[in-house]
Amino acid sequence: MIINKISHRLRRRSQAVQESIGISEAQGRILNYILAAGFSRDVYQKDIEEEFDLRPPTASSILRSLEKQEMILRVPDERDGRLKKLVFTEKAGRIRKALEEEIVETERRLLTGISEEEKETFLRLAEKMLHNLDG
């Protein structure tokens, strides 16, 4: 129940920022991932599917909607033209700051009064829980 409550409150916090930008929660999470990861490496639909545990049609639908809103482009990969890289547009770059500020503020609130050791313990336990669910 506590994990559900935390998840619900996190969604509610991010929803306000995402609505002000004109994107859904799922679009916001995926767009933020593309914005963050896209600076250091190429991002593909398969990365989105794996990171967010989405089926290909679901990921494709969300990415199509982000394309319609001119937040991302699918660009042929230089090494393999069959693959399409996901790159953020200038429009998405402009809203990046709002998404980042929301994430930083939420993380600050979540970690208030929690030591680095407690944080590391929680993350280690959460990883084990995820692994248990997958196994």
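First, a word on scope: everything that follows refers to the structure included in this document. Just so it is clear, the model here is predicted, and its values are computed rather than measured.

Our focus in this paragraph is the overall build of the chain. The secondary structure content of the chain amounts to 6 helices and 2 strands. Along the chain, helices (α) and strands (β) appear in the sequence α-α-α-α-β-β-α-α when read from the amino end. Counting only C-alpha atoms and orienting by the principal axes, one finds that the chain spans roughly 45 × 40 × 25 Å. A burial count over the chain gives 27% of its 135 residues as buried.

End to end, helix α5 (residues 90–111) covers 32 Å across 22 residues, agreeing with the expected 32 Å (1.5 Å per residue, within 8%). Of all bends in α5, the biggest is about 35°, found at R96. Along α5, the residues that are buried comprise A92, I95, L99, E102 and T106. Tucked into the core, α5 has its buried residues touching α1 (2–21), α2 (25–37) and β2 (84–88). Phi turns positive, to about 80°, at G113, one or two residues after α5.

Attention now goes to the pattern of salt bridges. Applying the stated criterion to the full structure yields 15 salt bridges. R11 serves as the salt-bridge partner of E25, at 2.7 Å between the closest nitrogen and oxygen. Separated by 14 residues along the polypeptide, E25 in helix α2 and R11 in helix α1 bring together distant segments of the chain. Among the residues examined, E25 registers a relative accessible area of 22% and is labelled partly exposed. Residue classification places R11 among the partly exposed positions, given a relative accessible area of 41%. The salt bridge partner of K85 is D42, with a shortest N-O separation of 4.0 Å. Linking K85 in strand β2 with D42 in the loop between α2 and α3 (45–51), this pair joins segments that are 43 residues apart in sequence.

Rules used in this analysis
Residues numbered from 1 in each chain as written. Predicted model: local features only at pLDDT ≥ 70, side-chain atom pairs only at ≥ 80, totals over all residues. Heavy atoms only, no water. Helix = DSSP H or I, 4+ residues; strand = E, 2+ residues; numbered from the N terminus. Buried < 20%, exposed > 50% of the residue type's maximum accessible area, 1.4 Å probe, protein only. Expected span 1.5 Å × (residues − 1). Bend = angle between axes of the 7 residues up to and from the residue. Contact = heavy atoms within 4.5 Å. Salt bridge = Lys/Arg side-chain N within 4 Å of Asp/Glu carboxyl O.

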